[in-house]
Amino acid sequence: TVWSQQILSLIFNEGHRNGTENIDNMTRVPWIEYNIHNMDFSSRPSPRLFSTHLPYYLMPRDLRFRTGKIIYVCRNPKDVMVSFYHFYKLNPRIKHTINWEKFIDLYMSGKVLGGSWFNHVRGWYTHKEDFSILFMTYEEMKKDLRSAVQKICKFVDINLNEEAIDTVVEKATFKNMKQDPLANYKFLSYDLLDQSKGEFLRKGIVGDWKNTMTVAQSENFDKVYKEKIGDLPIKIVWHSNEETTP
C-alpha cells in the first residue's frame, strides 16, 4: 500500500515528479483510518487520494455507488507476514515483545492490526462487483513496474507522456523510494514509528519468507491457505523466479 501511495503521488502530482514540492506521501495520500494530521477529508480538493488497509465492509458507503476508484494490491501472504513481523517491532505502541513463533499464530488467526489477511483478500475479491476496482499484485509490480504504472494511469484516467512515465517508474523503484524522504516514512515521529530498531522499508523483494520460515511452518501455512483461499481464482507468486500459479 505504501508503494502504491508513492506511485499515485507521482502520477497525480507533477511537483512530486520534478522535486519542486516538499509534501510527504502521508499528506498527499493520507490514511483513512490513521488521520494523524486531523485533516478535514471532505474539504480536500478532487481528485482526493487515500490509502487504507480497511476491509471492504468498513469503507465509505458511497464507494458502492462507484463514485470513487479503488486500487487493491495483494501480496504473497508469507512475505506479508514476515514484513508485518518486522513492522510490529518498530511500533512503539505495541508494548510487549512478540517472538516469531507467537507472531505466526497471531497472524494466522487474524489477531493482528488490520485483521486476517485471508478474510481481507476474500472479502474484497468476492465483493469486487460492488466497486470500481483494479486488482493488482505486488509481484507483478516488481516484475514489470512500467506496465503496472501504465495500467494504473489508464484506470485513473491520467494521461502521462513517456518522459513522465519514465520519471514515475524511476522514482517508484524500491531503491529510490527507500531514499526518498517524502516516501520512506522517516518523517514520522518516534512515538509513531521507532526506526532506530530497524528500517520501515526493508528489502522489498519477492520470496524473502524463505529466509525466515521453517519448512514445517511453511507447510502448515500452505494448508491454512488452501482451506481459506483455495477455492478462489487468485494467483499468488511465492518465489521471485516463478510465474503466477494458483
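- Looking at an unreviewed UniProt entry, one finds the protein named Sulfotransferase, with Engystomops pustulosus as its source organism.
- UniProt, in its Sequence similarities (unreviewed entry) section for the protein, records the words "Belongs to the sulfotransferase 1 family."
- The UniProt entry for the protein carries this comment under Subcellular location (unreviewed entry): "Cytoplasm".

**Details of unusual backbone geometry**
Consideration 1: Cis geometry marks the peptide bond from Ser 46 to Pro 47, where omega comes out at 0°.
Consideration 2: Checked against the element boundaries, Pro 47 lands in the loop between α3 (25–28) and β1 (69–74).
Consideration 3: The backbone of Arg 66 shows a phi angle near 60°, a positive value even though the residue is not glycine.
Consideration 4: Residue position: Arg 66 is located in the loop between α3 and β1.

**Quick word on the nonpolar core**
Consideration 1: Counting 37 residues, the largest nonpolar core has Phe 103 and Trp 117 as its most contacted members.
Consideration 2: Only β1, α4 (77–90), α5 (100–108), α6 (117–126) and α11 (215–229) provide two or more residues apiece to this core.
Consideration 3: Sorting elements by how many residues they give to this core places α5 first, with 6 residues.
Consideration 4: The residues contacting Trp 117, other than those within four sequence positions of it, are Cys 74, Arg 75, Pro 77, Val 80, Tyr 107, Tyr 225, Ile 229 and Ile 236.
Consideration 5: Residues Met 26, Leu 145, Phe 155 and Val 206 belong to the second largest nonpolar core, which totals 31 residues.

**A word on the pattern of salt bridges**
Consideration 1: In total, this model carries 8 salt bridges according to the counting rule given.
Consideration 2: The closest approach of N and O atoms between Lys 69 and Asp 157, which form a salt bridge, is 3.0 Å. Placement of the pair is Lys 69 in strand β1 and Asp 157 in the loop between α8 (145–155) and α9 (162–171), with a sequence separation of 88 residues.
Consideration 3: The class of Asp 157 is exposed, set by a relative accessible area of 59%.
Consideration 4: A salt bridge links Lys 78 to Asp 222; the nearest nitrogen and oxygen atoms lie 2.9 Å apart. Taken as a pair, Lys 78 in helix α4 and Asp 222 in helix α11 lie far apart in primary sequence, 144 residues in all.
Consideration 5: A cluster of three or more residues bridged by salt bridges with shared partners is formed by Arg 146, Glu 162 and Asp 166.

Parameters at a glance
Residues numbered from 1 in each chain as written. Predicted model: local features only at pLDDT ≥ 70, side-chain atom pairs only at ≥ 80, totals over all residues. Heavy atoms only, no water. UniProt positions renumbered as here; feature names shortened; annotations may be inferred. Helix = DSSP H or I, 4+ residues; strand = E, 2+ residues; numbered from the N terminus. Core = buried A, V, L, I, M, F, W, Y, C linked by side-chain atoms within 4.5 Å. Buried < 20%, exposed > 50% of the residue type's maximum accessible area, 1.4 Å probe, protein only. Contact = heavy atoms within 4.5 Å. Salt bridge = Lys/Arg side-chain N within 4 Å of Asp/Glu carboxyl O.

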